[in-house]
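This is what each chain is made of:
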Amino acid sequence: LKCVGSPRIYWFPVAPLSCRPCALEKSTMIFEAIFTFIVGAGIGAYHNEHIFPCLTDTHKLAKQKAGPAMAKAKDASAPYVKMAQDKAAPHLNAVKDKATPYLNMAKDKANQASAALGRK
């Protein structure tokens, strides 16, 4: 079903009749998500003694395996990062040179407004 807006202006949101099935479907999905979260939290709290060692081991293993992988990725990407910095530097300097007068004007206006209010 396609939701079609109503031509009247309401002070509070009212779903047109054609949108009510859409809204019912969305509210059902939200209820299911909340219910699933509550049930999962309850099961996790009840089985804490069994789940905690598994989660701790998973964390340690992920940290152990991800560290070398990230170092390898960093080393592999270093030349590309350097190349991108070299290519971007002239453009950044040009933008900086173009923006400097406007930044100075903004500083001057801020100082004038501050002085007008009696602040230093």
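One can find the structure itself at the top, above this paragraph.
Here's what I pulled together on the structure shown here. Sequence order as written defines residue numbering, which begins from 1 separately in each chain. Given that the model is predicted, a residue must reach a pLDDT of at least 70 before its local features are reported, and side-chain atom pairs must reach 80 or more before they are shown or counted; all residues, however, enter totals for whole chains, interfaces and linings. Neither water nor hydrogens contribute to the side-chain values; these are computed over all heavy atoms in the structure.

### Details of the overall build of the chain
Step number 1: The way it works is that DSSP assigns letters per residue, a run of H or I at least four long becomes a helix, a run of E at least two long becomes a strand, and they are numbered from the N terminus. Per the secondary structure count, the chain includes two helices and zero strands.
Step number 2: When each of the 120 residues of the chain is scored for burial, the buried share is 2%. Burial classes: relative accessible area under 20% of the type maximum marks a residue as buried, over 50% as exposed, and values in between as partly exposed (1.4 Å probe, protein chains only).

### Quick word on helix H2 (residues 48-116)
Step number 1: Residue count minus one, scaled by 1.5 Å, sets the expected span of a helix. Taking 1.5 Å per residue, 69 residues should reach 102 Å; H2 reaches only 63 Å between its end C-alpha atoms and comes up short.
Step number 2: Bend, in this description, refers to the angle at a residue between axes fitted to the seven residues ending there and the seven starting there. At serine 77, H2 shows its strongest bend, of approximately 40 degrees, with the proline proline 79 following within four residues.

### Let's talk about a nonpolar patch on the surface
Step number 1: What goes into a patch is any residue over 30% in relative accessible area without a salt bridge, connected to like charges within 9 Å or, for nonpolar side chains (Val, Leu, Ile, Met, Phe, Trp, Tyr), within 5 Å. The accessible surface values rely on the Shrake-Rupley method and a 1.4 Å probe; as for residues, cover is taken only from the protein chains in view. Any carboxyl oxygen of Asp or Glu that lies within 4 Å of a side-chain nitrogen of Lys or Arg is treated as forming a salt bridge with it. A cluster of nonpolar side chains, contributed by Ile30, Ile34, Phe37 and Ile38, occupies part of the molecular surface with about 460 Å² of accessible area.
Step number 2: Note that isoleucine 34 resides in helix H1 (residues 20-46).
Step number 3: By relative accessible area, which is 48% here, isoleucine 34 ends up partly exposed.

### As for the pattern of salt bridges
Step number 1: Counted according to the given criterion, the structure contains one salt bridge.
Step number 2: A salt bridge links lysine 82 to aspartate 86, with the shortest nitrogen-to-oxygen separation between them at 3.6 Å. In this pair, lysine 82 and aspartate 86 both sit in helix H2, four residues apart, roughly one turn of the helix.
Step number 3: Under the relative-accessibility criterion, aspartate 86 is labelled partly exposed at 44%.

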